[in-house]
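This is what each chain is made of:
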Amino acid sequence: MLLEGAKSSGGFNGMPHRKFIVDKCKTIFFAGHETTALVTSWSLMLLALQPDWQARAHAEVLEICEDKPPDADMLRSMKVLTMVIQEILPLS
Ligand code: HEM
């Protein structure tokens, strides 16, 4: 999509296509990396401080995933995990 968009837009403010694409990739990489790293660190620390919630989240993952790797449907159905993440997001 990025490549198609860059091709059809004819560049951005006179920026060459190649630089435009590299710039966008860097933005997506850093936006995705920093945010998920912070949320993951906060989640692990706060769950360590709240062993009861850690146990509830753990039990839910075991119940829904059984021995399979999680997919998008499984993640969507995890209510406890969603509650945990929603509590943590504003802190991180
Ligand atoms: C828990 C994880 C994340 C949080 C909390 C988060 C938060 C945000 C927020 C608040 C904004 C809006 C910033 C603003 O304009 O005021 C934003 C924009 C953006 N995020 Fe995330 N983000 C997360 C994960 C990711 C990931 C995984 C990616 C990419 C793989 C990503 C890519 C972007 C990009 C490219 C924008 C700019 C969108 C635009 O302005 O068109 N983010 N993010």
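Quick look at the structure, then. This structure is a prediction, so every number in the text was calculated from the model and none was measured. (Residues numbered from 1 in each chain as written. Predicted model: local features only at pLDDT ≥ 70, side-chain atom pairs only at ≥ 80, totals over all residues. Heavy atoms only, no water.)

The next subject is the overall build of the protein. Per the secondary structure count, the protein includes 5 helices and 0 strands. In sequence order, the secondary structure elements of the protein are arranged as α-α-α-α-α. For the protein, the C-alpha radius of gyration of 19 Å lies well beyond 12 Å, the compact-globule estimate for 92 residues. If you line up the protein on its principal axes, its C-alpha atoms span 55 × 25 × 15 Å. (Helix = DSSP H or I, 4+ residues; strand = E, 2+ residues; numbered from the N terminus. Rg over C-alpha atoms; globule rule 2.2 N^0.38 Å.)

For the pair helix α2 (residues 17-49) and helix α3 (residues 51-65), the least separation of the axes is 5 Å and the interaxial angle reads 115°. Viewed along their axes, α2 and α3 adopt a mutual orientation that is roughly perpendicular. Taken together, the residues of α3 that come into contact with α2 (itself represented by L47, A48 and L49) are P51, W53 and Q54. Partitioning the contact of α2 with α3 into residue classes produces 5 nonpolar, 1 polar and no charged. (Axes fitted to C-alpha atoms, helices over the stretch in contact; angles between N-to-C directions. Parallel < 35°, antiparallel > 145°, perpendicular 65-115°, else oblique. Contact = heavy atoms within 4.5 Å. Nonpolar A, V, L, I, M, F, W, Y, C, P; charged D, E, K, R; others polar.)

Overall, the coordinates contain 1 aromatic pair when judged by the stated rule. Aromatic pair F29 and F30: ring centres 5.2 Å apart, planes at 80°, arrangement edge-to-face. The ring centre of W53 lies 4.2 Å from the NZ or CZ of R56, which sits over that ring. (Phe/Tyr/Trp six-rings, centres within 6.5 Å; stacked < 30°, edge-to-face > 60°. Lys NZ or Arg CZ within 6 Å of the ring centre and 35° of its normal.)

So, about the nonpolar core. If you look at the biggest cluster of nonpolar residues, it comprises 6 residues: L46, L47, A57, V80, V84 and I88. For this core, the elements supplying multiple residues, two or more each, are α2 and α5 (79-88). By residue number, the principal contributor to this core is α5, which donates 3 residues. Other than its neighbours up to four places away in sequence, L47 contacts W53, Q54 and V84. (Core = buried A, V, L, I, M, F, W, Y, C linked by side-chain atoms within 4.5 Å. Buried < 20%, exposed > 50% of the residue type's maximum accessible area, 1.4 Å probe, protein only.)

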